Amino acid sequence: MIEINNLTKRYYSLTALNRVSLTIPQGEVLGLLGPNGAGKTTLLKLIAGLIYQDDGRIHPTTGKWPLIGFKPERLLFPNHLSVRQYLALIAGISDIGKAETERIVTDSLAQVGLLDAADKRISACSKGMRQRLGLAQVLIGNPPLLLLDEPSNGLDPEGQQEIHQVVKRLHAAGKTIVMSSHHLQEVTEVCTRIVVLNRGQIHYENSMTEALAVQANTRIRADRPLSAMQAQLQALHPEIEIDGSIVVLRNEAMRLRRQVMTMLLYANYDILEVRQARATLAEIYAEAVN
Ligand code: ATP
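Residues numbered from 1 in each chain as written. Predicted model: local features only at pLDDT ≥ 70, side-chain atom pairs only at ≥ 80, totals over all residues. Heavy atoms only, no water.

### Observations concerning the overall build of the protein
Counting its regular elements, the protein contains ten helices and 13 strands. Taking 2.2 N^0.38 as the reference for a compact globule, 290 residues should give roughly 19 Å; the C-alpha atoms of the protein span a radius of gyration of 24 Å, well beyond that estimate. Seen along its three principal axes, the alpha-carbon backbone of the protein occupies a region of about 80 × 45 × 35 Å. Looking at the protein as a whole, 46% of its 290 residues are labelled buried. Accessible surface computed for the protein: about 14,800 Å², of which carbon and sulfur atoms make up 48%. When the 31 positive and 29 negative side-chain charges of the protein are each reduced to one mean point, those points stand 3 Å apart. (Helix = DSSP H or I, 4+ residues; strand = E, 2+ residues; numbered from the N terminus. Rg over C-alpha atoms; globule rule 2.2 N^0.38 Å. Buried < 20%, exposed > 50% of the residue type's maximum accessible area, 1.4 Å probe, protein only. Areas by Shrake-Rupley, 256 points an atom, 1.4 Å probe, with all protein chains shown as cover. Lys, Arg positive; Asp, Glu negative; His and termini not counted. Charge placed at Lys NZ, Arg CZ, Asp CG, Glu CD.)

### Section: the pattern of salt bridges
Scanning the model with the defined rule gives ten salt bridges in all. Salt-bridge contacts for R221 lead to E273; the nearest nitrogen and oxygen are separated by 3.4 Å. Of this pair, R221 sits in strand β10 (residues 217–222) while E273 sits in strand β13 (residues 271–277); the two residues are 52 residues apart in sequence, bridging distant segments of the chain. With relative accessibility at 33%, the residue E273 sits in the partly exposed group. For the salt bridge of E273 with R275, the shortest nitrogen-to-oxygen distance reads 3.9 Å. Judged by its relative accessible area of 42%, R275 falls in the partly exposed class. Among the charged side chains, a network of salt bridges with common partners joins R221, E273 and R275. (Salt bridge = Lys/Arg side-chain N within 4 Å of Asp/Glu carboxyl O.)

### Quick look at the pairing of strand β8 (residues 193–198)
Within a regular strand, the side chains alternate between the two sheet faces. Taking burial as the measure, the six residues of β8 include six buried ones, the bulk of the element. Of the two faces of β8, both are covered, the one formed by R193, V195 and L197 as well as the one formed by I194, V196 and N198. Two strands pair when backbone bridges link them, and strand β3 (residues 29–33) and β8 are joined in this way by four bridges, in the parallel orientation. Bridge pairing in β8 places L32 opposite V195. Between the end of β8 and the start of strand β9 (residues 201–207), which pair antiparallel, lie two residues, with R199 showing a positive phi angle near 45°. (Pairing = 2+ DSSP bridges.)

### Points about the site of the ligand
Within the structure, the ligand sits among 14 residues, and N36, G37, K40, T41 and T42 are positioned closest to it. The side chain of T41 places a nitrogen or oxygen atom 2.7 Å from an oxygen atom of the ligand. Contact between the ligand and E73: an oxygen atom at 3.4 Å from a side-chain N or O atom of the residue. Summarising the interface, the protein chains cover 64% of the accessible area of the ligand, which totals 630 Å² for the free molecule. Those elements that place two or more of their residues in the shell around the ligand are β2 (14–24) and α1 (40–48). Counting residues per element, the shell around the ligand draws most heavily on α1, at three residues. Tallied by class, residues from the shell around the ligand come to five nonpolar, six polar and three charged. (Near = heavy atom within 4 Å. Polar contact = N/O pair within 3.5 Å; in protein donor to acceptor, adjacent residues only side chain to side chain. Nonpolar A, V, L, I, M, F, W, Y, C, P; charged D, E, K, R; others polar.)

### With respect to the sheet that holds β3
Strand order in the open sheet formed by six strands is β5-β6-β7-β3-β8-β9, and the pairing between neighbours is mixed. In this open sheet, the two edge strands, each paired with only one partner strand, are β5 (68–71) and β9. Strand after strand, the sheet turns through a mean of 15° between neighbouring axes, direction not considered. Pairing of β5 with strand β6 (residues 145–149), which is carried by four bridges, proceeds in the parallel orientation. Within β6, the residue paired with I68 across the bridge is L145. Strands in contact with α1 are β3, β5, β6, β7 (176–180) and β8; relative to β6, the strand with the most contacts, it is inclined by about 150°. (Axes fitted to C-alpha atoms, helices over the stretch in contact; angles between N-to-C directions. Contact = heavy atoms within 4.5 Å.)

### Comments concerning the packing of aromatic side chains
Under the definition given, this model contains one aromatic pair. Centre to centre, the rings of F77 and Y86 are 5.2 Å apart; their planes meet at 80°, and the pair counts as edge-to-face. According to the relative accessible area criterion, Y86 is buried, its value standing at 7%. Over the face of the ring belonging to Y269 we find R224, whose NZ or CZ atom lies 4.1 Å from the ring centre. (Phe/Tyr/Trp six-rings, centres within 6.5 Å; stacked < 30°, edge-to-face > 60°. Lys NZ or Arg CZ within 6 Å of the ring centre and 35° of its normal.)

### Some details on helix α10 (residues 281–289)
Of the positions making up α10, those classed as buried are L281, I284, Y285, A288 and V289. Seen end-on, α10 carries its buried residues on one side only, within an arc spanning 115°. Along its buried surface, α10 packs onto β3, α6 (184–190), β8, β9 and α7 (208–213). (Arc of directions from axis to C-beta.)

Here it is as structure tokens:
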């Protein structure tokens, strides 16, 4: 949907983004991870056209720019208005005619689960409701591309879950979403691709499925240390490791699970546990930013 080539953004002497290249495919939920100051907000603002790059190019792959909905990290609302009044105001600014406003506002409230709070004053809304109001605002005008800067920032686990459900629903409804986040669990749950930025550069990029599958392993725990079996097991495959009383099979070696277990049983070991593990995003992240 969007192609980014060698994008560079400087703030005075600070290079916030340094020759970043990235494709945002249609229909994906792309999670932008990275420590504070990595350049996530800068990238989102550049895609939204709110700031301009010093070098490089951002262009739509279809030749035509899609409508974009941008939710900034910090939300400031006119507290004296009701939720519905505020969205009607946004619809007005977005050139949506009076006749259509009510339907569009109701629709965007329904999409974020805020219909029941439509007549509540914003000042009386919880943080979770305000974040969802921020999402409802982004949906006015039905943009196919949503840029969400830390959509669950500052929310308790319940509020975070609500946002995850909304993001998943929007994805299922066909939206392409780019969201920044510091919550690895959130990114694991809702994103289909991940990009880890660090000091203005991309340090890791992959689809979520591949990222988590790539370091898959099987751990077989025996009843006592396996040092006596080490040579024999490792002769089977180089990706078999012994860690005390545990045999770890990685990648291709995972196919040898039954063979390894048979060898252990023949050698009079008991098998106490067999566990299939996937890489966690925390491991991938730590490797990318260190
Ligand atoms: P966070 O996770 O804290 O939101 P981020 O990854 O979104 O961080 P950015 O906000 O993009 O990072 O900032 C990247 C770098 O650019 C930081 O060092 C930041 O201080 C700097 N920066 C951002 N905006 C400006 C600005 N308007 N003027 C000067 N420096 C800026």
